[in-house]
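Next come the chains, spelled out residue by residue.
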Amino acid sequence: QLNPSTALANLIRQEGLQNRTIIVYDRLLPSLSFELSKDIVFVSDQHHSLQRETQFETSDAWRNHLLRIQDRQDSARLQEMLRSQAVLISKRDLPVNRDWLRQPFANSKKAGVWIIYY
C-alpha cells in the first residue's frame, strides 16, 4: 500500500493543484511537504501533534508554516489564504464548528482518510 502522503501528493498533482498554497488542518504531515517539494502550512486546532514549543526558537520563521486557529491574527491570515486559491487537507470530516474552513471551496476529493478541498 502507498504511503498516505504519496496518495495525497498524486491526487494534488492529478488535479493540477501543486502550485497552490497547501494547508493541512490539525495534523502534522511533513512527508507531504517532502513529496511535493514545497513548504506546507499547518493549522493547529485541537490535535496534540501540532503543539509546538516556541520559546527557544531563534526566529519567527516557524510562524509562516504553523497557524494557531485560536490566535486572532493567525485565524485572519488563514481566512485570507483560504480565499486565495489554497488547498485544504483534513483528516476525515471537519468538525462542525470549523465548517467555515471549507466555505471557499467548490470541490472535494478523498484519498484514504484524507479529504482535499479545492
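Conventions adopted
- Counting of residues starts from 1 at the beginning of each chain's written sequence and follows it residue by residue.
- Where totals are concerned, whole chains, interfaces and linings use all residues; where local detail is concerned, this predicted model gives features only for residues with pLDDT of at least 70, and gives and counts side-chain atom pairs only at 80 or more.
- Water and hydrogen atoms play no part in the side-chain values, which are based on all heavy atoms of the structure.
- Buried residues are those whose accessible area, probed at 1.4 Å on protein chains only, stays under 20% of the maximum for their type, while exposed residues exceed 50% and partly exposed ones sit between those limits.
- Secondary structure follows DSSP: runs of H or I at least 4 residues long count as helices, runs of E at least 2 residues long count as strands, and numbering of each begins at the N terminus.
- Following DSSP output, two strands are said to pair if at least two bridges run between them.
- Throughout, a contact is declared for two residues whenever any of their heavy atoms are within 4.5 Å.
- We call a set of buried Ala, Val, Leu, Ile, Met, Phe, Trp, Tyr and Cys residues a nonpolar core when their side-chain atoms join them within 4.5 Å.
- The working definition used for a salt bridge is a side-chain nitrogen of Lys or Arg within 4 Å of a carboxyl oxygen of Asp or Glu.

A.B. asks: Could you give me a rundown of the pairing of strand β6 (residues 114-117), with the residues and numbers involved?
C.D. replies: Taking every second residue as pointing to the same face, both faces of β6 are buried, with W114 and I116 on one and I115 and Y117 on the other. As defined by bridge partners, strand β4 (residues 87-91) adjoins β6 across four bridges and the pair is classed as antiparallel. Looking at the pairing, K91 lines up with W114 of β6. The pairing of strand β5 (residues 108-111) with β6 spans four bridges and is antiparallel. Bridged to K110 within β6 is I115. Between β5 and β6, which pair antiparallel one after the other, the connecting turn spans two residues, and G112 there sits at a positive phi close to 65°.

A.B. asks: Outline the environment of S37, supporting the account with residue identities and numerical values.
C.D. replies: Its place among the elements puts S37 in the loop between α2 (30-36) and β2 (41-44). For S37, a relative accessible area of 66% translates into the label exposed. Sequence separation of S37 and Q18 is 19 residues, and the distance between their C-alpha atoms is 9.5 Å.

A.B. asks: Can you break down the environment of L67 residue by residue, with the values?
C.D. replies: Here L67 lies in strand β3 (residues 66-68). For L67, a relative accessible area of 1% translates into the label buried. When the C-alpha positions of L67 and F42 are compared, they lie 6.2 Å apart, and in sequence the two are 25 residues distant. Not counting residues within four places of it along the chain, the set of residues in contact with L67 comprises V41, F42, V43, S44, D74, R77, L78 and M81.

A.B. asks: So what's going on with the nonpolar core? Which residues, and what values?
C.D. replies: Among the nonpolar cores identified, the biggest contains 19 residues, and L8, I12, I22, V24, L32, I89 and I116 are the most heavily contacted of them. Of all the secondary structure elements, the ones that give two or more residues to this core are α1 (4-14), β1 (22-25), α2, β4 and β6. By residue number, the principal contributor to this core is α1, which donates four residues. For I12, the residues in contact, after removing those within four places along its chain, are L17, Q18, I22, L32, L36, I89 and I116. Counting residues in each nonpolar core, the second largest holds 16 residues, with V43, L82, L88 and F105 among its members.

A.B. asks: Just give me the short version of the pattern of salt bridges, but keep the residues and values in it.
C.D. replies: All told, the structure shown has three salt bridges when counted by the stated rule. Salt-bridge contacts for K109 lead to E15; the nearest nitrogen and oxygen are separated by 2.5 Å. Separated by 94 residues along the polypeptide, K109 in strand β5 and E15 in the loop between α1 and β1 bring together distant segments of the chain. Note on K109: relative accessible area 32%, which makes it partly exposed. With a closest N to O distance of 2.4 Å, D99 and R102 form a salt bridge. Taking the relative accessible area as the measure of exposure, D99 reaches 30% and is therefore partly exposed. The class of R102 is partly exposed, set by a relative accessible area of 28%.

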